[in-house]
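Residues per chain, in single letters:
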Amino acid sequence: QVQLVESGGGLVQAGGSLRLSCVVSGRTFSNYAMGWFRQAPGKERELVAAITRTGGSTYYADSVKGRFTISRDNAKSTVYLQMNSLKPEDTAVYYCAAKSAHNYYIELKPYDYWGQGTQVTVSS
């Protein structure tokens, strides 16, 4: 069974930065495309960023382009989300997800495994 554990969330002022980490265990990490999703209160879960199995291609939602960076370290079985210039509207629970495939998916349903989430709160 694959387990995903996120960390790095917290409270930060607008304009600040956070780096989220997601450690994957139980299977070969390099076999999985990875995604970071977020869900704000009363809203649907949405894809923020995604990365292919090898890290050769990435995707970003328009709302975070130029501010967030997704990366992965296959040797450490970890995917990261560097978040800069944070805004109050970035406040949400952030989840990492794994898909057993080379390419990432934009939709939620294809992802095979999910973490428990980490809270990010950005104060104005």
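The following paragraphs examine the structure supplied in this document. This structure is a prediction, so every number in the text was calculated from the model and none was measured.

About the cut-offs
Residues numbered from 1 in each chain as written. Predicted model: local features only at pLDDT ≥ 70, side-chain atom pairs only at ≥ 80, totals over all residues. Heavy atoms only, no water. Helix = DSSP H or I, 4+ residues; strand = E, 2+ residues; numbered from the N terminus. Rg over C-alpha atoms; globule rule 2.2 N^0.38 Å. Buried < 20%, exposed > 50% of the residue type's maximum accessible area, 1.4 Å probe, protein only. Contact = heavy atoms within 4.5 Å. Areas by Shrake-Rupley, 256 points an atom, 1.4 Å probe, with all protein chains shown as cover.

Looking only at helices and strands, one finds 0 helices and 11 strands in the protein chain. Its helices and strands in sequence order give the protein chain the pattern β-β-β-β-β-β-β-β-β-β-β, from N to C terminus. For 124 residues, the compact-globule estimate of 2.2 N^0.38 gives 14 Å, and the protein chain sits close to it at 13 Å. Based on the C-alpha atoms only, the size of the protein chain along its principal axes is roughly 40 × 25 × 25 Å. Per-residue burial for the protein chain yields a buried fraction of 44% across its 124 residues. Excluding contacts between residues fewer than 6 apart, the proportion of contacts in the protein chain whose partners are at least 24 apart in sequence is 59%. Approximately 6200 Å² of the protein chain is accessible, and the part contributed by carbon and sulfur atoms is 45%.

Backbone geometry follows two general trends: most residues other than glycine have a negative phi, and most peptide bonds adopt the trans configuration. The residue S77 is not glycine, and still its phi comes out positive at about 55 degrees. When you line up the elements, S77 lands in the loop between β7 (68–73) and β8 (78–83). Of note, S85 is a non-glycine position whose phi angle comes to about 50 degrees, a positive value. Within the element layout of this structure, S85 appears in the loop between β8 and β9 (92–99). What makes S85 partly exposed here is its relative accessible area of 40%.

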